[in-house]
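Examination of the molecular architecture
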Amino acid sequence: MKEVRVRYAPSPTGLLHIGNARTALFNYLFARHHGGKFIIRIEDTDVARNVEGGVESQLKYLDWLGIDWDEGPDIGGPFGPYFQLERLDLYREYAQKLIDMGLAYHEYREGSDEPGIRMRVPKDRTFKFKDMVRGELSFDSNEVEDWILVKDNGIPTYNFAVVIDDHFMEITHVMRGEEHITNTPKQVMLYEAFGWDVPVFGHMTLIVNEEKKKLSKRDVTVMQFISQYAELGYLPEAMLNFITLLGWSPSGEEEILSKDEIISLFDETRLSKAPSMFDKDKLTYINSRHIKSMDPVVFMEFCRPFLEEANIEIKNDEWLKDLTDLFHDRMSYGAEIVKLYQEFFKDDFEIGEEELNFLKEANSKELIIKFREEIENIEFNPEEIQELIKRVGKEVGAKGRFLFMPIRIATTGQMHGPSLPHAIYLLEKDKISRRLEHAISLL
Ligand code: GLU
């Protein structure tokens, strides 16, 4: 097989969207799986829609996701330039060749001195191509009108430029969104006109929302830009994992996968033919799984900027590590640490009805009073706190659920939560004493 060469060809019209990220990722995975090259080409011919910084932000978030490229606008490469606006001469030359072959013609628009160039679509032909997702597809040429190759301002249309570039960049496979299927016959007719090899196409199915409607950038119920997830503390490896599952599935059961695992498992015959649903809960779950497997020190550093951003005072590294250890298993994204911190340390400590009932039914008053008294006399650290809980339990004859739960409720207000001795330690003695007194006053 020829060396695989695939490309991601964004228009720099905005932030990296989940759909584009998927296109980039599938091409990337295909290239890496087959030991081929992954190229980025900037399709900037729709000048009015280009935005300042559009290229940089695309590249920044691809890089963030862990996608790297072999040739592209920032690093160049042997098939450059990688901006279409820098390749106008090439398009002009090949448009002229089509005119010379009688396959295209000049056309003057009213009010314009320069001609545009239009493709003359042959009659009664069938354009066929192989699609990795849908098999062989064919289109009747009589359904395609003569179409514009180069506008009167000298700028090529997408369908023309894409073929010239894919050919000269020696692209072997083109994976892209299914909205491009109806463009493909136009592209195939150009390959045939020039006598060039047609790449293998693969059109990925739509991404739909939970109501099964096509995900639209205007849909505010779903965050759709990679930068938004990055800002909230989703992990790049989790996003990459999740996006991989939008229209592809591994042959085995396990869906939580690292990038290297995905690269080695990637198999283009398993691309889905059905629309893929953007399932927010699944993304949350995948992110929490990747968070759980983070090294605790790495996790602590991951949480730090979110706390800083919220102006939460980080006493020292040890304190921060205790805090993040406490919540590590319960978090599904980084920014959540702020909410958890605030709930945990809040000053207006209240005990809810259900929790209070538990304390009453369990007859916990004596236990809590004892614990309140004794806590003054220990060295305040998690080990001593753990010992104290057990000792006080023995003294008043409270065990298991009737020992830990009342103390948890009286100190944190919650029935569930992180390791109790650590939680008490982190809340510090003053706050714990005040909370215990409040609990006692309610009993
Ligand atoms: N610039 C096109 C887009 O962003 C590329 C389509 C293609 O891959 O051919 O949709």
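Everything below is about the structure shown above.
Structure report, in brief. (Residues numbered from 1 in each chain as written. Predicted model: local features only at pLDDT ≥ 70, side-chain atom pairs only at ≥ 80, totals over all residues. Heavy atoms only, no water.)

1. Considering the overall build of the protein chain
The condition that has to hold: Numbering of helices and strands starts at the N terminus; helices are DSSP runs of H or I of at least 4 residues and strands are runs of E of at least 2. With C-alpha atoms as the basis for the radius of gyration, the globule rule is written as 2.2 Å multiplied by the number of residues raised to the power 0.38. With a 1.4 Å probe rolled over the protein chains alone, any residue whose accessible area is under 20% of its type maximum counts as buried; one over 50% counts as exposed, and the rest are partly exposed. Note on contacts: a residue pair is in contact if any heavy atoms of the two residues lie within 4.5 Å. Methods summary: accessible areas were calculated by the Shrake-Rupley approach with a probe of 1.4 Å, and residue burial reflects only the protein chains presented. When charges are counted, neither His nor the chain ends are considered; positive counts come from Lys and Arg and negative counts from Asp and Glu. Charge positions come from single atoms, namely NZ of Lys, CZ of Arg, CG of Asp or CD of Glu.
Along the backbone of the protein chain there are 18 helices and 11 strands. For 443 residues, the compact-globule estimate of 2.2 N^0.38 gives 22 Å, and the protein chain exceeds it by more than 25% at 31 Å. Taking all 443 residues of the protein chain together, the buried fraction comes to 52%. In the protein chain, of all internal contacts separated by at least 6 residues, the share reaching a separation of at least 24 is 72%. Roughly 21,500 Å² of accessible area belongs to the protein chain as shown, and the carbon and sulfur atoms make up 47% of that amount. Computed over 55 positive and 79 negative side-chain charges, the separation of the two mean positions in the protein chain equals 3 Å.

2. Some thoughts on the packing of helix H13 (residues 353-361) against helix H16 (residues 401-412)
Convention followed: Axis geometry follows a simple rule: fit a line to the C-alpha atoms, using only the stretch in contact for helices, then measure angles between N-to-C directions, giving values from 0 to 180 degrees. Roughly parallel here means an angle under 35 degrees, roughly antiparallel means over 145, roughly perpendicular means 65 to 115, and every remaining angle is called oblique. For any helix crossing, the convention is left-handed if the near helix is rotated counterclockwise from the far helix by under a right angle, and right-handed if that rotation is clockwise. Here the term charged refers only to Asp, Glu, Lys and Arg, the term nonpolar to Ala, Val, Leu, Ile, Met, Phe, Trp, Tyr, Cys and Pro, and the term polar to all other amino acids, Gly among them.
Closest axis-to-axis distance for the H13/H16 pair is 10 Å, and the angle between their directions is 135 degrees. As far as their axial angle goes, H16 and H13 are oblique. Like other packed secondary-structure pairs, H13 and H16 cross with a definite hand, here left-handed. Contacts from Glu-355, Phe-358 and Leu-359 of H13 reach H16 at Arg-401, Phe-402, Met-405, Pro-406 and Ile-409. Its residues assigned to classes, the contact of H13 with H16 comprises 6 nonpolar, no polar and 2 charged.

3. Considerations on unusual backbone geometry
Here the amide bond leading from Gly-80 into Pro-81 is cis, since omega sits at -5 degrees, within 30 degrees of zero. In this fold, Pro-81 is placed in the loop between helix H2 (54-65) and helix H3 (88-100). With a phi close to 60 degrees, Asn-311 is a non-glycine residue in the positive phi region. One can find Asn-311 in the loop between helix H10 (296-309) and helix H11 (317-327). A positive phi angle is found at Asn-363, which is not glycine, with a value near 55 degrees.

4. Some thoughts on the nonpolar core
For clarity, the threshold we go by: Take the buried Ala, Val, Leu, Ile, Met, Phe, Trp, Tyr and Cys residues and link them wherever side-chain atoms come within 4.5 Å; each set so joined is a nonpolar core.
Core analysis: the biggest nonpolar cluster contains 106 residues, and Phe-38, Phe-278 and Ile-424 have the highest contact counts within it. Element by element, the count of residues in this core is highest for helix H1 (residues 18-33), at 9 residues. Leave out the neighbours within four places in its chain, and Ile-424 touches Phe-371, Ile-375, Phe-380, Ile-385, Ile-389, Ile-407, Thr-411 and Ile-432. The next biggest cluster of nonpolar side chains, apart from the first, holds 37 residues, and it includes Leu-88, Ala-161, Val-174 and Tyr-191.

5. Remarks on helix H9 (residues 280-292)
Using the following cut-off: Expected span of a helix, by definition, is 1.5 Å for each gap between consecutive residues, and there is one gap fewer than residues. Here a polar contact means two N or O atoms within 3.5 Å. Within protein one must be a hydrogen donor candidate and the other an acceptor candidate, and residues neighboring in sequence count only if both atoms are side-chain atoms.
An ideal rise of 1.5 Å per residue puts 18 Å on 13 residues; H9 measures up with 18 Å between its terminal C-alpha atoms. Taken residue by residue, H9 has Leu-283, Ile-286, Asn-287, Ser-288, His-290 and Ile-291 as its buried positions. Among the structural elements, helix H6 (226-232), helix H7 (236-244) and H10 are those in contact with the buried residues of H9. Of the residues that open H9, the one with a side-chain oxygen 3.0 Å from the backbone nitrogen of Asp-281 is Asp-279.

6. Quick notes on the site of the ligand
Just so we agree on the cut-off: Whether a residue is near a molecule or strand depends on its heavy atoms: if one lies within 4 Å, it is near.
In the vicinity of the ligand, the residues found are Arg-7, Ala-9, Ser-11, Glu-43, Tyr-158, Val-162, Arg-176 and His-180. Separating a nitrogen atom of the ligand from a backbone N or O atom of Ala-9 is a distance of 2.8 Å. Taken by itself the ligand offers 300 Å² of open surface, and the protein chains cover 81% of this. For the shell around the ligand, the residue count by class is 3 nonpolar, 2 polar and 3 charged.

7. Details of the environment of Lys-186
Within the secondary structure, Lys-186 is located in helix H5 (residues 184-194). Note on Lys-186: relative accessible area 22%, which makes it partly exposed. As a C-alpha pair, Lys-186 and Ser-141 span 45 residues in sequence and 8.9 Å in three-dimensional space. The residues touching Lys-186, leaving out its near neighbours within four places in the chain, are Val-144, Trp-147 and Asn-159.

8. Points about the side chain of Arg-87
Within the secondary structure, Arg-87 is located in the loop between H2 and H3. Residue classification places Arg-87 among the buried positions, given a relative accessible area of 6%. A polar side-chain atom of Arg-87 sits 2.9 Å from the main-chain carbonyl oxygen of Pro-81. Apart from residues no more than four positions distant in its own chain, Arg-87 is found in contact with Phe-79, Gly-80, Pro-81, Asp-165, Phe-168 and Met-169.

9. Overview of the pattern of salt bridges
This is how the line gets drawn: Between Lys or Arg on one side and Asp or Glu on the other, a salt bridge is scored when a side-chain nitrogen of the former is within 4 Å of a carboxyl oxygen of the latter.
Scanning the model with the defined rule gives 25 salt bridges in all. In this structure, the salt-bridge partner of Arg-41 is Asp-165, at a minimum N-O distance of 3.6 Å. Residue Arg-41 is located in the loop between strand E2 (37-40) and H2, and its partner Asp-165 is located in helix H4 (residues 158-168); the two are separated by 124 residues in the primary sequence. Residue Arg-41 shares its accessibility class with Asp-165, and that shared class is buried.

10. Things to note about the packing of aromatic side chains
For the record, the criterion: Side-chain rings of Phe, Tyr and Trp (the six-membered ring for Trp) are treated as a pair once their centres are within 6.5 Å; stacked means planes under 30 degrees apart, edge-to-face means over 60, and tilted covers the remaining angles.
Across all of its chains, the model carries 22 aromatic pairs by this definition. Consider the rings of Phe-129 and Phe-201, whose centres lie 5.5 Å apart with planes at 70 degrees: the pair is edge-to-face. Taken together, the residues span a long stretch of sequence, with Phe-129 in strand E5 (residues 126-131) and Phe-201 in strand E9 (residues 200-204) at a distance of 72 residues. Looking at Phe-129, the relative accessible area reads 3%, which means it is buried. With a relative accessible area of 0%, Phe-201 lands in the buried category. With a centroid separation of 5.8 Å and an interplanar angle of 70 degrees, the aromatic rings of Phe-302 and Phe-306 are classed as edge-to-face. Of this pair, Phe-302 and Phe-306 both sit in helix H10, 4 residues apart, which is roughly one turn of that helix.

11. Regarding a negative patch on the surface
Definition in use: Residues form patches when they are more than 30% accessible in relative terms and have no salt bridge. Like charges link within 9 Å. Nonpolar side chains (Val, Leu, Ile, Met, Phe, Trp, Tyr) link within 5 Å.
There is a patch of like negative charges on the surface, built from Glu-253, Glu-254, Asp-260 and Glu-261. Relative to the helices and strands, Glu-253 resides in the loop between H7 and helix H8 (259-265). On the accessibility criterion, Glu-253 (79% relative accessible area) is exposed.

Structural measurements only, silent on function.
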